[in-house]
Amino acid sequence: MLVPTRPTGLRFAQSHLASFFRSAGSLRGLALFILIIGVICATLYLPSSATSFRTSQDSGLTNTGATSEPSADTQFAARTSSLLSPGTLKLTPFMAMQAPEGVTLYASGCTTPSDSFNLGDALCAKASGVPPSVFPWRILWVDPAGFVRQSDTASSNDATEYTFTLPATATSEINGQTVDNRGTWRVNLVRSNGAVRQTAKFAVHQPLNPVTDLFVQKINRSADGSAPAGGIIDFIIVVGNQGPDDAADVHLVDSTPSGGTLVSFTQSSGPACVPVESGVDNDCVMATLAYGERAEFTAIYNVGSAAPGTYETSATVSSAVTVPPTTDPDPDNNTATTQYTVTAADGAEQCEVTCPGNIVVTANATQAGQPGRFVTYSAASVFGNCGTMTNSPGSGSFLTVTGSPHTVTSTSAAGPSCTFTVTVLDSSEPTISCPPNVTVTAPTGADEATVNPGVPTTNVVGVDPVGVRSDGSPAVYDDDGNEVTPAVVVPLDDPYPVGVTGILWTVTDASGRKATCAQTIKVNANCTGGDTEAPTIEAPADVTVGTGPDNTGCVVALDDELGLASATDDCTATITVSGIPAGNQFAPGVYTITYTATDGVGGVGHTASDTQTVTVFDDTPPAIAAPADASYTCLSEVPAANPSQATRGVVLDEAGNPLPPGPPFDNCGTPTVTVTETSTGAGSAASPRIITRTFTATDGSPLLNSSSSVQTITVIDPTPPTFTSVPGTVIAYTGAGATSCGTVVSDATIGTATATDNCSVTVTRTGVPAGNNFPKGDTTITYTATDGAGNTATATQTVTVIDNTPPTISCPANITVYLPLNSTATSTVATYTAPTGSDNCSGATTAQTAGLASGASFPVGTTTNTFTVTDAEGLTASCSFNVTVLYNFTGFFSPINNLPTLNSANAGKNIPVKFSLSGNKGLNIFAPDNPYSVSYNCASGVQGVDIVETENPGGSTLTYSPDTYHYNWKTEKSWEGTCRTLVVTLNDGSVHTANFKFK
């Protein structure tokens, strides 16, 4: 007969009881648990994972996943490799436990840590925490395609160095398959049983041929993936770069549902995506998406008046960089398509919410002197188009004993809400302890036995525990709540069938708190005819499970999750189990559990065995909380981003107690914490500086589980700077001899403006000419005080340059001309080049202020010509030159002898003075008071030349005869014995003299 059984010594919680109670008594919790496990198992056993692990040796590479069954050492890596894709399920972290093992990468020489290399580079790794073992651990160098390119035996000496040289070419041929050597490689520290204990990732580049594996995911996050016509539907969009190189000009386009309209498109993380067209936010470009970086968006659309039915919408990501050409090794993941359903817009689709039942819990912590408990609970269940549900107070809040019961309001985005209560008690929780498990043998020929299960002990006074047998069944109801099949409740004192029957004992105190325990009743068949056949046994199906959410350690407790082995025997078979870790605590790795069926009364007889493989992987993301959002006035007040600022936040252990404060952590080791920062705005009231810091913790598991938390820092400086001093007006002069219409004013003369601000301030100036060479007139210097937020204040200073440099002018030399010969002309034409003045500034004018213009007819004698230059400031300068017009005087005629001859004449006589001016110039030829004589001392005894021709005394007269002027010079008798000089000054300014000695 078929005998269902389970591992000996394990807790009974299987079948339709254990998961039920682990999800707070909710069938919905059981379904959720099964769904999560199903998703994980399906992911691990996708067809791609069956061939994703490959091995190679130095002398011959093999792909065991493609040609034969993987060895025990490789199975774990094979089953987890598919989880490295961007679509891997990510679960919430809880508590960390330090793992002793580690692996670190270095550049060649094994001294400088590095995680980025180029093709052909040599690199090094060191492992730590490798325990001595009969079965050695290994170091595996794994390429992007999953091939193990080199395997080294891991030493327990932490100083051991493991070296590896990357291929020099972009691709390699392995077992007929072309493998791209660019991308993310891994160094795995692997236990002897194949469990990957630690992984170090590194990127391999080819600088001239970059590789960027962009991917996009689009997830319908509406409650049931549908919206009524005219309703709202929203999606989560994730864009990432799996490198190994950074991607530039990453273009994201999210398609608007057919017939719908965009309500909002917001970004929650990653580098800013700038819309290509203003107002079309779902078509945007990120300047750079670094290797390993992700960006998340929320897209909300109105589906419009689309007819009821199922539709598709997609998001696409691409990079337009072509120089150098960038390769995307997996273009298939550049488009993500998801479905959504449009339902009829009738009353049946209106949002309806149903709250969970009231909750009663026991205080186990104290906050601010108040006893209470951090209580977690789910939001209301929904029907229709409700949108996102929120609880107030939120799940995980600390609720006190004082004030209980606390009302929790669960509200939908569509509006409807409901309430339930949480009561926190400070009395002891109920406890229950089951009676021992019972094993009996059925009477001969019977398939059941009467058993007294006993009674549990409990601390609840006056209340009897209630036991429910597993061979009963609950009632079945239709959609309208009508009972279709009544419940089957088997009394505890009814006979128990051959096999194992569970009893779930429950005690409920007056406050509604429950305590449960499980008991098993095992009835063995009575084999009286002798046992002649060996049993057959079938182990439970292989189990693959992650550490899961809310796990506070690097183990997972597996009991009922392992399933039940089934054995068949002509009598009764007893099943024993080996290979289960102590306490059923499974750490990540691969386990082989052996189930052995032994027949015969008392378990002595034939045996049969079967095995089950249990694979446990770490999928618990680290716990991280960014610092609280903060506001500052000055940018200088904002602390620099540092990974050490992140904490674990409020984390509850399995008992609901908050863990001590501390840094981010992981359940299986210390996570790597990074922080990235983006900012917008200047920091002023009109343009606040919004700094977004994303803190990310990544564990060392093969899945590289990660969690992020965002801090938003707002900097608003509303106060502009103020000037404390501004230099006054400066007056400067061009000065004497200046050649330009300006002057150099030194910075020392200009002075310095100073300003103050509640934050930092910088003062700049504009308006100072090059070289500080200021032009004539007023120049305005503007001082601008700018603080770190971009607030400004301005002040001005005037520099006035006055032109005090007089102009200059230079005249030509004096000019002498003679009247025309043999003419009666008393004037003649003279020409010259008129001078033009110059000035250091423009605008000077030159004018003749005396004399005659060039080309005029100048009279006999000297004409003074004066020219004056006047600049724009009224400053003047003048110069003059003479134009002299002379007679053609050739000397005195006889009887007078010209110098140096001394004429001798009788005193008192008239002496004829004769001369020619080459034409009759009239009798007005003498200068005023001319001619005249002056005495001079002459040497005694000097005799002159006698003038033969003299005239009798009479008045001095001037007459003209043809071409000769005759001046009758009257001498005085008193001049006897003296020497005198006759001076004849003509009105042309010329002076003519002759010397006389009178006797």
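Check the entry above for the structure.
Residues numbered from 1 in each chain as written. Predicted model: local features only at pLDDT ≥ 70, side-chain atom pairs only at ≥ 80, totals over all residues. Heavy atoms only, no water.

Draft legend 1. How the structure looks around the overall build of the protein chain. From N to C terminus, the protein chain includes 6 helices and 77 strands. When burial is assessed residue by residue, the protein chain has 44% of its 999 residues classed as buried. Counting contacts in the protein chain only where the partners sit at least 6 residues apart, residues at least 24 apart contribute 68% of the total. Roughly 46,300 Å² of accessible area belongs to the protein chain as shown, and the carbon and sulfur atoms make up 53% of that amount. (Helix = DSSP H or I, 4+ residues; strand = E, 2+ residues; numbered from the N terminus. Buried < 20%, exposed > 50% of the residue type's maximum accessible area, 1.4 Å probe, protein only. Contact = heavy atoms within 4.5 Å. Areas by Shrake-Rupley, 256 points an atom, 1.4 Å probe, with all protein chains shown as cover.)

Draft legend 2. Up close: the sheet that holds strand β26 (residues 365-367). The 3 strands lie next to each other as β26-β27-β30, forming an open sheet whose pairing is antiparallel. Edge positions in the open sheet fall to β26 and β30 (397-400), since each of these has one partner strand only. Direction aside, the axes of adjacent strands within the sheet are offset by 55° on average. Here strand β27 (residues 370-375) runs beside β30; their pairing, made up of 4 bridges, is antiparallel. Its bridge partner being in β30, Arg 373 is matched across the sheet by Leu 399. (Pairing = 2+ DSSP bridges. Axes fitted to C-alpha atoms, helices over the stretch in contact; angles between N-to-C directions.)

Draft legend 3. Broad picture of the packing of aromatic side chains. This model, assessed by the stated rule, comprises 25 aromatic pairs. With 5.6 Å between their ring centres and 20° between their planes, Tyr 311 and Tyr 340 make a pair best called stacked. Here Tyr 311, found in strand β22 (residues 309-319), pairs with Tyr 340, found in strand β23 (residues 335-343); they are 29 residues apart in sequence, far enough to count as distant. On the accessibility criterion, Tyr 311 (24% relative accessible area) is partly exposed. Taken together, the aromatic side chains of Phe 889, Phe 892, Phe 915, Phe 926, Tyr 960, Tyr 965 and Tyr 967 make up a single cluster linked through ring pairs. (Phe/Tyr/Trp six-rings, centres within 6.5 Å; stacked < 30°, edge-to-face > 60°.)

Draft legend 4. Region of the structure containing the environment of Ser 687. Secondary-structure assignment places Ser 687 in the loop between β52 (672-680) and β53 (689-698). For the pair Ser 687 and Ile 716, spaced 29 residues apart in the sequence, the C-alpha separation amounts to 7.9 Å. Among residues more than four places away in sequence, those in contact with Ser 687 are Gly 681 and Ala 682.

Draft legend 5. Focus on the state of the cysteines. Counting across every chain of the model gives 9 disulfides. The side chain of Cys 355 participates in a disulfide bridge whose partner is Cys 418; the two sulfur atoms lie 2.0 Å from each other. One disulfide, between Cys 355 and Cys 418, carries an S-S torsion of 95° and so falls in the right-handed class. Of the two residues, Cys 355 is situated in the loop between β24 (352-354) and β25 (359-362) and Cys 418 in strand β32 (residues 417-425); the sequence distance between them amounts to 63 residues. The exposure class of Cys 418 is buried, given its relative accessible area of 14%. (Disulfide = S-S within 2.5 Å.)

Draft legend 6. Fine view of the sheet that holds strand β41 (residues 499-508). A sheet is described by the order of its strands in space; here 4 strands give the open sequence β34-β42-β41-β37, paired in mixed fashion. Strand pairing shows two members of the sheet lacking a second neighbour, β34 (438-441) and β37 (466-469), which therefore form its edges. Strand-to-strand twist of the sheet, defined as the mean angle between neighbouring strand axes without regard to direction, takes the value 25°. Two elements, β37 and β41, share 4 bridges in a ladder whose sense is antiparallel. Looking across to β41, one finds that Gly 467 is bridged to Trp 505.

Draft legend 7. Main features of the nonpolar core. Counting residues in hydrophobic clusters, the biggest one holds 40 residues, and the most contacted among them are Phe 915, Ile 925, Trp 969, Leu 986 and Phe 996. At the level of secondary structure, the elements contributing two or more residues to this core comprise β63 (815-818), β67 (861-870), β68 (876-886), β71 (910-915), β75 (964-970), β76 (979-985) and β77 (991-998). Considering each element in turn, this core owes the most residues, 5 residues, to β68. With sequence-adjacent residues up to four places away left out, Trp 969 is seen in contact with Lys 909, Asn 910, Ile 911, Val 913, Ser 933, Ser 956, Trp 975, Leu 982, Phe 996 and Phe 998. With 26 residues, the next largest nonpolar core counts Val 239, Phe 265, Ala 336 and Val 342 among its residues. (Core = buried A, V, L, I, M, F, W, Y, C linked by side-chain atoms within 4.5 Å.)

Draft legend 8. Inspection of a negative patch on the surface at higher detail. Taken together, the side chains of Asp 447, Glu 448, Asp 493 and Asp 494 present a region of like negative charge at the surface. Structurally, the position occupied by Glu 448 is in strand β35 (residues 448-449). (Patch = residues over 30% accessible without salt bridge, like charges linked within 9 Å, V, L, I, M, F, W, Y side chains within 5 Å. Salt bridge = Lys/Arg side-chain N within 4 Å of Asp/Glu carboxyl O. Lys, Arg positive; Asp, Glu negative; His and termini not counted. Charge placed at Lys NZ, Arg CZ, Asp CG, Glu CD.)

Draft legend 9. Molecular detail of the side chain of Ser 707. Relative to the assigned elements, Ser 707 resides in strand β54 (residues 706-715). Within polar-contact distance, the side chain of Ser 707 engages the backbone oxygen of Pro 622 at 2.9 Å. (Polar contact = N/O pair within 3.5 Å; in protein donor to acceptor, adjacent residues only side chain to side chain.)

Draft legend 10. Region of the structure containing the pairing of strand β20 (residues 280-289). Relative to β20, strand β17 (residues 247-254) runs antiparallel, the two being bridged by 6 bridges. Within β20, the residue paired with Val 253 across the bridge is Asp 283. Between strand β19 (residues 273-277) and β20, which pair antiparallel in sequence order, lie 2 residues; one of them, Gly 279, sits at a positive phi of approximately 90°.

Draft legend 11. Summary view of the pattern of salt bridges. Inspection of the entire model under this criterion finds 15 salt bridges. One salt bridge connects Glu 429 with Arg 373, and the closest N-O pair in it is separated by 3.8 Å. Placement of the pair is Glu 429 in the loop between β32 and β33 (432-433) and Arg 373 in strand β27, with a sequence separation of 56 residues. According to the relative accessible area criterion, Glu 429 is partly exposed, its value standing at 40%.

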